[in-house]
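What follows is the residue order along each chain.
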Amino acid sequence: MLEKGYRKLRWKIIAYTFCFSLIPLFVLGFTFYHQFRESYTAKIMQNLRTLAENRRNAIDLFLDERVSQLTTLAYTQSYSQLQGEQYLEKVFTLMQMRSKSFIDLGIIDQDGNHVAYSGPYQLKGLNYRNEEWFHEVMLRGVYISDVFLGFRKFPHFIMAVMRREGDRNWILRATIDTKIFDALVKEAQVGEKTDAFVINKENILQTTPRFSGSLLSKAPYPKYSPSSSTRVEELKANGGQRLLATTSFKNKEWLLVVQEDPTVVLLPLFHARHMVILLVIVGILLITAGAVLIARAMLQQLIQADREKAMLDASLMQSSKMAALGKMAAGIAHEVNNPLAVIKEKVGWVKDLLVEEDIAKSKNFKEFQDAMTKIENHVERAKKVIHRLLGFARRMEPVEEKVDINKILSETIGFLENDARYKNIEIKTNFSEKLPKTISDSSQIQQVFLNILNNAVDAIGKDGEIQISTNCVLKDKEIVVCISDNGPGIPNEVLQRIFDPFFTTKEVGRGTGLGLAISYSIVEKLGGRIMVASEVGKGATFTVSFPVRGE
Amino acid sequence: MENLRVLVVDDEADFLETIVMRLQRRKIDASGVDDGKKALEIVENERFDVVVLDVLMPGMDGIETLKLLKKRKPFIEVIILTGHGSVESGLQGMQFGAFDYIMKPADLDELLEKIQQAYERKRIHEEKHGLSGE
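This structure is a prediction, so every number in the text was calculated from the model and none was measured.

**Re a nonpolar patch on the surface**
The grouping of Met275, Leu278, Leu279, Val282 and Leu286 of chain A at the surface amounts to a nonpolar patch, some 510 Å² of accessible area in total. With respect to the element layout, Met275 of chain A can be found in helix H7 (residues 267-354).

Listed below in structure tokens is the structure:
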């Protein structure tokens, strides 16, 4: 359908439109998404950090309180007092009334002997001299242990405070309920997938994580590192992305880990990403459609323009061809005309002489006379051809007069009526009554119509129909005359040359090949157009249009 | 056509010769010259009533000859012989005072008729101005 050049151009237009529309779209989409991600991630990280720090403070406070409680007890009571089991029991019950954090309470002398105990287990009499924590507390005065199973085979951690009374030391030791400690840690598990746990220096879990890992097992991540500030990081572990906030405690070399699953917290971000992708896809579709539509519209305009240009070129070419041929015709006519004039005069002279008596008596006199008459006739015929040629070539300004095209047509039909009737050709007319008068040259227009109608009659030969209609196209200010015949039609190769001078399909001597050429140049000079359409076997239609010109 | 004198001006020798012969045969006192300059010379010395003048000639062309001729001898009538199929040069000739024009190849009878008419007009003109011949 489309020529190759047009198709290439169309793809070019589409490609350019596409590129220059898509680049901003991508940049825009990417920038928006990137900015949103940055700020959203920062916000999530900040939340995580705050959550971790709050929890750490709460746990620190809890540990602080426990330590203070024990310290207060140790320093307000004497060893001798607390050594009495009943007294210790009383104190422990008192403490239990306020808070269930402590599971038991015990007094250990400087040799590591458990001298007094209050609590659910039978621990009295055990010796702790070889336990590591015993040395720690003797060294530092205060001690908080890691979680361990101990003699009881039950996870717990202990807190111990040493008091120096006189020349001897003794230790107040308490077991902290890991349930309460666990609960404190787990309070950080605010979200659906939020996890919080505590690890010690050796990366051993001190509380039970929510999702994976068990108490006292080694946590796969993060690696313990003592640092006073809170760290928030993104980590790839266990086949998934994790957001981690780690912070260390004031009282113990433990690390609080709060972990978020990014697929949950970053869900709005993924939504935004999907939205952006969706928008970009919609954008691409719209741009594609737009590019195709633009290309099509532009191409249609271009094809239209090209077609008009081609038509203009064709008519310009026809005009210049006519002009060149006209010049040539005039030249030839001239050259032929003079010898023709001489021949004519010579023939006249011979005829004049033939009248004289002595020749009249010759037995071939009649032959001479006949020959001379024939020569004269043919000179006459040649003269007619030459005059028509010159008529075609001449550049005479057309007369300007008010012209009624309908009237001219009627007159022209009048010339041909007898001939047509004799050949049984019916001439049908359909004249527009609203046809305006125009300024033109009636005799030249008549010549045009006469040429076309003559050709139509010749083409039909016998038994046929010629239809003539006139119309006024007000939009283009044109009078359009259509002359159709139902003759044999005009083959394409003839159609292309039909307005060329000397081109004729009639037998030698019948046509000069100038009728339509002259008609063409006349119509062109009058500012109109002449067109022909034909289909072999269906006849031909000549369309002549004249501009409507006022005075 | 008692005193009628015709001068034919044409560069085509055969044409000139034949047409002069044919005119003479019809009892017209005709002469011929083959260019404009000679025509102007000859009208100075001899009396001519009608000049038949070809338009296309080498050297001085018909229209120019016509202009000079009319300037010098206003009463001489000129018939333009035009090779052009166009009326244009004929009309142009008439603008400069030619009596009429005739297309080549011309019919002798037509030419004779026009010569006759031109001669009539010349006589009328001369009578009006109280002149008769030279």
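**Some remarks on the pairing of strand S15 (residues 529-535) of chain A**
By the bridge criterion, 7 bridges tie S15 of chain A to strand S16 (residues 539-547) of chain A in an arrangement that is antiparallel. Its bridge partner lying in S16 of chain A, Ala533 of chain A is registered against Thr541 of chain A.

**A few points about the nonpolar core**
Residue and element names in this part refer to chain A. Core analysis: the biggest nonpolar cluster contains 50 residues, and Ile405, Phe449 and Ile466 have the highest contact counts within it. Among the elements that take part in this core, helix H11 (residues 442-460) stands out by supplying 8 residues, more than any other. The residues that make up this core include at least three from each of domain 2 (319-394) and domain 3 (402-547). One finds Phe62, Leu70, Phe102 and Trp170 within the second-largest nonpolar core, a separate group that totals 49 residues.

**Details of the sheet that holds strand S5 (residues 168-176) of chain A**
Residue and element names in this part refer to chain A. Read across the open sheet, the 5 strands follow the order S2-S1-S5-S4-S3; overall the sheet is antiparallel. Where the open sheet ends on each side, the last strands, each with one partner, are strand S2 (114-118) and strand S3 (142-144). Adjacent strand axes in the sheet meet at a mean angle of 15°, parallel and antiparallel pairs treated alike. Where strand S1 (residues 102-109) meets S2, 4 bridges bridge the pair, whose relative direction is antiparallel. Across the sheet, Ile107 pairs through a bridge with Ala116, a residue of S2.

**A word on the sheet that holds strand S6 (residues 195-199) of chain A**
All names here are of chain A. Ordered in space as S6-S9-S8-S7, the 4 strands form an open sheet in which the pairing is antiparallel. Each end of this open sheet is capped by a strand with a single partner; those strands are S6 and strand S7 (231-237). Within the sheet, the average angular offset between the axes of one strand and its neighbour, ignoring direction, is 30°. Relative to strand S9 (residues 255-260), strand S8 (residues 240-248) runs antiparallel, the two being bridged by 6 bridges. Pairing of Ala245 across the sheet is with Val258, part of S9. Across the face of the sheet, helix H1 (residues 4-76) comes into contact with S7, S8 and S9 while running at roughly 40° to S8.

**Focus on helix H2 (residues 36-45) of chain B**
Within H2 of chain B, the full set of buried residues consists of Gly36, Ala39, Leu40, Ile42 and Val43 of chain B. Here the buried face of H2 of chain B lies against strand S1 (5-9), strand S2 (29-33) and helix H3 (62-72) of chain B.

**Examining the environment of Phe542 of chain A**
All names here are of chain A. Looking at the secondary structure, you find Phe542 in strand S16. For Phe542, a relative accessible area of 6% translates into the label buried. The spacing of Phe542 and Asp485 is 57 residues in sequence and 9.0 Å in space, taken between C-alpha atoms.

**Overview of the interface of chain A and chain B**
With 20 residues of chain A at the contact, the number on the chain B side is 23 residues. The contact between chain A and chain B buries some 2,100 Å² in all, and 57% of this surface belongs to carbon and sulfur atoms. Ranking the residues of chain A by area buried against chain B places His334, Glu345 and Trp349 of chain A at the top, with a combined share of 29%. In this structure, the connection of chain A to chain B is made through 5 salt bridges. As a salt-bridge pair, Glu345 of chain A and Arg22 of chain B come within 3.2 Å of each other at their nearest N and O atoms. Counting the contacts that link chain A with chain B gives 11 residue pairs in polar contact (both at pLDDT 80 or more). Contributing elements (two or more residues each) for the side of chain A that touches chain B: H7 and helix H9 (365-393) of chain A. Here the side of chain A that touches chain B takes 13 residues from H7 of chain A, the largest share from any one element.

What counts and what doesn't
Residues numbered from 1 in each chain as written. Chains lettered and ligands numbered in written order. Predicted model: local features only at pLDDT ≥ 70, side-chain atom pairs only at ≥ 80, totals over all residues. Heavy atoms only, no water. Patch = residues over 30% accessible without salt bridge, like charges linked within 9 Å, V, L, I, M, F, W, Y side chains within 5 Å. Areas by Shrake-Rupley, 256 points an atom, 1.4 Å probe, with all protein chains shown as cover. Salt bridge = Lys/Arg side-chain N within 4 Å of Asp/Glu carboxyl O. Helix = DSSP H or I, 4+ residues; strand = E, 2+ residues; numbered from the N terminus. Pairing = 2+ DSSP bridges. Core = buried A, V, L, I, M, F, W, Y, C linked by side-chain atoms within 4.5 Å. Buried < 20%, exposed > 50% of the residue type's maximum accessible area, 1.4 Å probe, protein only. Domains from an automatic or database assignment. Axes fitted to C-alpha atoms, helices over the stretch in contact; angles between N-to-C directions. Contact = heavy atoms within 4.5 Å. Buried area = accessible area lost by both parts, 1.4 Å probe. Polar contact = N/O pair within 3.5 Å; in protein donor to acceptor, adjacent residues only side chain to side chain.

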